Amino acid sequence: MEIKKLSNKIFYTLILILSISILTVVGIFNIQNYYEQKKSINNSLNVSMTKKDRKVIPPTKIDDASEPVDDVTHNTEDMRNRNIKFMDSVIYTILLDDNNNILEVINHSNNETSSEKISSIAKKILSNKNIKDRYIGNLYLSDYSYAYSKGDTLIILDNSKIKSSLLLSLEVSLFIFIILEILVIVLSRYLTIWIIKPVKESFSKQKQFIADASHELKTPLSVIVASSEAIDITNQNSKWLKNIEYEANRMNLLISKLLDLAKSERMEEIVLVNNNLSKAVELSLLTFEGRAFEKDIKLSYEIEDNINILMDEDSIKELVEILLDNAIKHSKKNGNIKVSLKKDSQVTLLVQNEGEPIPKGEEEKIFERFYRVDKSRNRKDNRYGLGLAIAKNIVLSHKGKIKASSLDGVTTFEVTLKNNK
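Computed from a predicted model, the values in this text were never measured in an experiment. (Residues numbered from 1 in each chain as written. Predicted model: local features only at pLDDT ≥ 70, side-chain atom pairs only at ≥ 80, totals over all residues. Heavy atoms only, no water.)

Looking at the nonpolar core
Then, number 1: Leu 277, Leu 323, Leu 324 and Val 339 are the most contacted members of the largest nonpolar core, which totals 39 residues.
Then, number 2: Per-element tally for this core: the top contributor is helix H7 (residues 313-329), with eight residues.
Then, number 3: Within the second largest apolar cluster, 14 residues are counted, among which are Ile 94, Ile 118, Leu 126 and Leu 154. (Core = buried A, V, L, I, M, F, W, Y, C linked by side-chain atoms within 4.5 Å. Buried < 20%, exposed > 50% of the residue type's maximum accessible area, 1.4 Å probe, protein only. Helix = DSSP H or I, 4+ residues; strand = E, 2+ residues; numbered from the N terminus.)

Observations concerning helix H9 (residues 387-397)
Then, number 1: With nine of 11 residues buried, H9 lies mostly within the body of the structure.
Then, number 2: Those residues of H9 that fall on the buried side of the exposure criterion are Gly 387, Leu 388, Ala 389, Ile 390, Ala 391, Asn 393, Ile 394, Val 395 and Ser 397.
Then, number 3: Directly beyond the C-terminal end of H9, a positive phi value near 60 degrees is found at Lys 399.

Structural notes on a negative patch on the surface
Then, number 1: A surface patch of negative charge is lined by Glu 282, Glu 302, Glu 304, Asp 305 and Asp 344.
Then, number 2: By the element assignment, Asp 344 lies in the loop between strand S9 (336-343) and strand S10 (346-354).
Then, number 3: We classify Asp 344 as exposed; its relative accessible area is 52%. (Patch = residues over 30% accessible without salt bridge, like charges linked within 9 Å, V, L, I, M, F, W, Y side chains within 5 Å. Areas by Shrake-Rupley, 256 points an atom, 1.4 Å probe, with all protein chains shown as cover. Salt bridge = Lys/Arg side-chain N within 4 Å of Asp/Glu carboxyl O. Lys, Arg positive; Asp, Glu negative; His and termini not counted. Charge placed at Lys NZ, Arg CZ, Asp CG, Glu CD.)

A short note on the pattern of salt bridges
Then, number 1: Under the criterion given, the structure shown has five salt bridges.
Then, number 2: The partner of Glu 313 in a salt bridge is Lys 317, and the shortest N-O contact between them spans 3.5 Å. Here Glu 313 and its partner Lys 317 are both found in helix H7, four residues apart, which amounts to about one turn of the helix.
Then, number 3: Glu 313 sits in the partly exposed class, given a relative accessible area of 28%.
Then, number 4: Taking the relative accessible area as the measure of exposure, Lys 317 reaches 22% and is therefore partly exposed.
Then, number 5: A salt bridge links Glu 414 to Lys 403; the nearest nitrogen and oxygen atoms lie 3.9 Å apart. Separated by 11 residues along the polypeptide, Glu 414 in strand S12 (residues 410-418) and Lys 403 in strand S11 (residues 401-407) bring together distant segments of the chain.
Then, number 6: Assessed through its relative accessible area of 25%, Glu 414 is described here as partly exposed.

Next comes the structure, spelled out in structure tokens:
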């Protein structure tokens, strides 16, 4: 389970780092493109304002009338024709009088936009009380930019082509990002496998070592226990033999727990078959009725019949036994233990007991290996903090979830398993 958690962390970390890198590159490209277009619009407005058609000022009268009257018309036409085309922009020049009334509309492009429509756009801009000398809005949204000189000229630049170009660039960038994200997920999966491989091998060797060492220790411990019992028959007053026997039994129990833990962590060895969960739970409950009676604890249960799931029967029985053993150990005298098994969208197993609550904030920690809430009592009770770790591994190997909580003096262990459809 720890390997799987580590693998997931590496996988999602790689995806996050690579995704941020790609997003940064795509973002920089679009931002740079945006500001280049904005700069281009600004330059076009500057050029058009510099070379704009101004109102014609009549030439100064000379006494000998050496300047012909026709030159006034000639100067006006010359000024209007000077910048009739703008290569990359669609620009309209609106000549204004001193009261900002429209005198004339000049279209510097070959499009078929009517003077009425251009005038309508100009009036809308001029009606704005907060009209600015220069306006370049959001190029993804604004249809027009403009430069304004009061009582003189309004230059309007059509943003349509630039807007379409930017949106197309954004769509292409998004498409490329999605393609690259798919590649990132595939690459991250392969990199995770490559990175985790030595860790997985090391962890596997560690589990194998625990299992092998436990098997090797079990035999000499069994001999020690048997020998101490045999000697004790002839020398009943030997407290030293009693100590040897007690400690050997404790070590034997610890090794058995380690073996169970190693077995529960080997998910690949568990074969899940369709079986009757209700029956398995009931059989486990029957073995604990006597223990509960001895402790003056009332054990009641409500088991829904014929709940079938994919499971390993021995592991499920061990899970129930661990939870019941834990409930009995932490129940108060004359307390109640309730067990329920129900099926709806999923299968839920509840084991509740009245007694010692789980300290707040330690609801997750109690499932860690060798974690013990009350360390002062664990040696006396031969508890090593492995039972609930084994229970969690069993639940996870069945693709389920387990959680614990304490409320109003009642501690609840809830196990949820997938329901067979």
